[in-house]
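Overview (structure and organization)
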Amino acid sequence: MLGFRKFLRSKQPANLLKVSPTNPTGRRVLILSASAGTGHVRAAEALEKVFRQQPGVGEVRNIDALRFTNRLFRDFYSKLYIQLVQRAPTILGIVYNTTDEPWKTDRMRLMLDRLNTGPLERFIHRFKPDITVCTHFLPSEIISYLITKKKLNARLSIVVTDLDVHAMWLCRTFHRYFVALDESKVHLEVLGLPGDHITVSGIPIDPAFAEVRDRDELRRNAGFDTKRPLFLISGGALGVSPAAGVLDALARLRHPAQAVVICGKNAEMKREMEKHARAVEAANPRHTIRVLGYTDEMHLWMQMADLFIGKPGGLTTAESLACGLPMVIVAPIPGQEDRNSDHLLEKGIAIKCNEFTTLAHKIDSLLDHPEILQSMREKARWYGRPNAATTIVETLLNTPTSEPAKVIPGTA
C-alpha cells in the first residue's frame, strides 16, 4: 500500500512550486497547458512570449498542468493519448466523437480532475494570478470551478487550439473564449455562451510567423533552387510519421522537385528518413531531399515552401495558414485532425490524399495547374492569423475587468 501511495505522489521540482516576487504594479499572468500532444504547449509558449513583451505585466508563469498531478493521472492523460495515436487511432476517433456531447460529462470530469489536481489548486492560490489563460481544457475546468466557488479572484480565458470546439472545452463559468473561426463562435453562441465573451482570434502561434520574408531569397540562402517546387514534409511529433510513405510517393512524381523533411527530436526517425531520402534520389535523380532534426526556424521553412505535406494538427494548420502555405493532408488523426481537414478542404486551402499510391498523381495535377496552387496560397493567407497571440494578449490586457459569464446548459 505504501508503494502505491508513493507511485501516486506528485513529485514536483522545487523551482516549479516557487512563486517569485512580482512587480507590484504589474499584473500576474498564469498560462496553463497540458502536455497531451504538442499543440497545447506550443500555443502556451507563443502567448508567453507576447505577454513578456508587455510593460503592464509583472510576472508570467507558463505551467504544464500535468506536472501538478500524480503519475497515474499524468500517464492517463498524456501517455495514453500518445499510445492511442500510435497504435489505435480509430479508437481515438470513436472516443472523440462519442464524447462530443455538450455538458454531458463535464461534472463527472471535474470531479475526477479535482481528485488528482490538488497541488495545482494550491499553486494557483499561492500565485494569486490576475489573468489565467488555458490552452487545454483540463486546467480551465479547475479554474472555472474555483471562480464559481469564489475561491479565486482572477479572469479565466480559454484558448481553443483546433479549428473546431469539442465539448470538453466547455466551461460553465468563464470570462472569455478565443477561437479560430467565426463558425466556432456561432457554435458556442448556439450552446448558450454569450457572444460578447467570445473573440475570433485564430490559434496563437510564435510571433516569428508574422514576419514576412522574400521566398526566393530564403531559398537561395538555404541552398535551394528557386525554380523547382519545394515541399515541406512533417515527420510527425508523436512518433506517427507519414513521411516514409510520402517520400516513396515522391519517387513517382513527374515534376522535378525538392523537399525538406522535418523530424524534430526523433533521432531514430531522422536516420530512417535519411536512408529513404537517398533511395528516392537514386530512383529519381531530378529530386533533391534534405532531412532535418529539430529546428526553431519552422517559420522560415514554411515561408519558402510551395506545399506542406503532413498531418493537420491545430498549431501546424495555423502556422501554415499564417505563411500562406497550401496543404496536402495525409494520415490525419481521427477526431480533431479530421475536423481540421474538413475546414481546410471546404475553404479550398488543402487537398487530401487517402492513399499514398495516389499522392504523386495528386501533387502532379496541382503542379500542372499553377493557377490553382496560387489560388490555394491566397486563400491560406486570407484565413491566416499570424498575430493571433498578440490579439489574445492585447484583448486580455485592454478589456476592462467584468463579471464572469455564467452558462446554464439547456437554456439556449
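Rules and cut-offs
- Within every chain, residues take consecutive numbers counted from 1 along the sequence as written.
- This being a predicted model, a pLDDT of at least 70 is required before a residue's local features are given, and a value of 80 or more before pairs of side-chain atoms are given or counted; all residues contribute to the totals for chains, interfaces and linings.
- As a rule here, side-chain values come from all non-hydrogen atoms in the structure, and water together with hydrogens is ignored.
- Side-chain atoms within 4.5 Å link the members of a nonpolar core, which is a set of buried Ala, Val, Leu, Ile, Met, Phe, Trp, Tyr and Cys residues.
- Relative accessibility thresholds used throughout: buried, under 20% of the residue-type maximum; exposed, over 50%; partly exposed, between the two (1.4 Å probe, protein chains only).
- Here a strand is any run of E in DSSP of at least two residues, a helix any run of H or I of at least four, and the numbering for each starts at the N terminus.
- Between two residues, a contact is recorded if the distance between any of their heavy atoms is within 4.5 Å.
- Each residue carries a pLDDT value, the predictor's own confidence for that position, ranging from 0 to 100.
- Here the aromatic set is Phe, Tyr and Trp, taking the six-membered ring for Trp, and pairing holds for ring centres within 6.5 Å; pairs whose planes are under 30 degrees apart are stacked, those over 60 apart are edge-to-face, and all others are tilted.
- Either the NZ atom of lysine or the CZ atom of arginine qualifies as a charge over a ring when it sits within 6 Å of the ring centre and within 35 degrees of the ring normal.
- Note on pairing: two strands pair once DSSP finds at least 2 bridges between them.
- In the sections that follow, a salt bridge refers to a side-chain nitrogen of Lys or Arg positioned within 4 Å of a carboxyl oxygen of Asp or Glu.
- When the strands point away from the viewer and the connection leading from the first strand across the helix to the second strand turns clockwise, the crossover is called right-handed.
- In protein, a polar contact means a hydrogen-donor-capable atom and an acceptor-capable atom, both N or O and within 3.5 Å, with residues adjacent in sequence counting only if both atoms are side-chain atoms; elsewhere, any N or O pair within 3.5 Å suffices.
- Patches here are clusters of residues that have more than 30% relative accessible area and form no salt bridge, with a 9 Å joining cutoff for like charges and a 5 Å cutoff for nonpolar side chains (Val, Leu, Ile, Met, Phe, Trp, Tyr).
- Accessible surface area values rest on a Shrake-Rupley calculation with a 1.4 Å probe, where residue burial reflects the displayed protein chains alone.
- Each axis is a line fitted through C-alpha atoms, and for a helix only the stretch in contact is used; angles between axes span 0 to 180 degrees, taken between their N-to-C directions.

We now examine the nonpolar core. When a protein is soluble and globular, its nonpolar side chains tend to lie buried together. In terms of nonpolar packing, the biggest core is built from 44 residues, with Leu-32, Ile-124, Ile-143, Phe-174, Tyr-177, Leu-188 and Leu-193 touching the most fellow members. Going through the elements one at a time, strand S1 (27-33), helix H4 (71-87), helix H7 (118-127), helix H8 (137-148), strand S4 (155-159), strand S6 (176-179) and strand S7 (198-200) are the ones with two or more residues in this core. The element best represented in this core is H8, accounting for 7 residues. Phe-174 has contacts with Leu-156, Ile-158, Leu-193, Pro-194, His-197, Pro-404, Ala-405 and Val-407, leaving out every residue within four places of it along the chain.

With that out of the way, let us pick up the confidence of the model for the chain. Residues of the chain with pLDDT of at least 70 account for 92%, and the chain-wide mean is 90. Low pLDDT, under 50, characterises residues 1-14; the predicted model gives this stretch 17 contacts beyond four residues in sequence or across chains.

If you walk through the whole model with that rule in mind, you get 5 aromatic pairs. Measuring from centroid to centroid gives 5.2 Å for Phe-68 and Phe-123, while their planes differ by 35°, and the two rings are tilted. Taken as a pair, Phe-68 in the loop between strand S2 (57-64) and H4 and Phe-123 in helix H7 lie far apart in primary sequence, 55 residues in all. The pair Phe-68 / Phe-123 is uniform in exposure class, with both members buried. Taking 5.7 Å as the distance between ring centres and 85° as the angle between the ring planes, the aromatic pair formed by Phe-137 and Trp-169 counts as edge-to-face. Note that Phe-137 is positioned in helix H8 and Trp-169 in the loop between S4 and strand S5 (173-174), a separation of 32 residues in sequence. Trp-169 carries the same exposure label as Phe-137, and that label is buried. Aromatic rings pair up to connect Phe-68, Phe-123 and Phe-127 into one cluster. For the cation-ring pair, Lys-265 lies above Tyr-294, with the distance from its terminal atom to the ring centre recorded as 5.1 Å. The ring of Tyr-383 has Lys-347 lying over it, and the distance from NZ or CZ to the ring centre is 5.4 Å.

With that out of the way, let us pick up the pairing of strand S3 (residues 131-134). Going residue by residue along S3, you find Ile-131 and Val-133 tucked away on one face and Thr-132 and Cys-134 tucked away on the opposite face as well. In this structure, S1 lies alongside S3, joined through 4 bridges in parallel fashion. Bridge assignment links Val-29 to a residue of S3, and that residue is Ile-131. As paired elements, S3 and S4 share 4 bridges and run parallel to each other. The partner of Cys-134 across the bridge, within S4, is Ile-158.

Our focus in this paragraph is the pattern of salt bridges. Enumeration over the complete set of coordinates arrives at 20 salt bridges. For Asp-306, the salt bridge identified is with Arg-377, shortest N-O distance 3.8 Å. Of this pair, Asp-306 sits in the loop between helix H13 (298-304) and strand S11 (307-310) while Arg-377 sits in helix H17 (residues 370-383); the two residues are 71 residues apart in sequence, bridging distant segments of the chain. Of the two residues, Asp-306 and Arg-377, both sit in the buried class.

Looking at chain direction, strand S9 (residues 258-262) and strand S10 (residues 288-292) are connected through 5 bridges and run parallel. Within S10, the residue paired with Ile-262 across the bridge is Leu-292. Chirality of the crossover, the property in question, places the unit of S9, helix H12 (residues 267-283) and S10 among those that are right-handed.

By the secondary structure assignment, His-255 is in the loop between helix H11 (243-250) and S9. A polar atom in the side chain of His-255 sits 2.6 Å from the side chain of Asp-364. Reaching out from His-255, the side chain makes a polar contact with the side chain of Asp-368 at a distance of 3.2 Å. Apart from the residues within four sequence positions on either side, His-255 is in contact with Arg-286, His-287, Asp-364, Leu-367 and Asp-368.

A cluster of nonpolar residues, Met-108, Met-111 and Leu-115, forms a patch on the protein surface that exposes about 380 Å² of accessible area. Judged by its relative accessible area of 54%, Met-111 falls in the exposed class.

A few words on the sheet that holds S3. Across the sheet, 6 strands lie side by side as S2-S1-S3-S4-S6-S7; this open sheet has parallel pairing. The outermost strands of the open sheet, each flanked by one partner alone, are S2 and S7. With direction set aside, neighbouring strand axes in the sheet form an average angle of 20°. Across the sheet, H7 touches S1 and S2, and the angle it forms with S1 is around 165°. The strands that H8 touches are S1, S3 and S4; relative to S4, the one it contacts most, it runs at about 155°.

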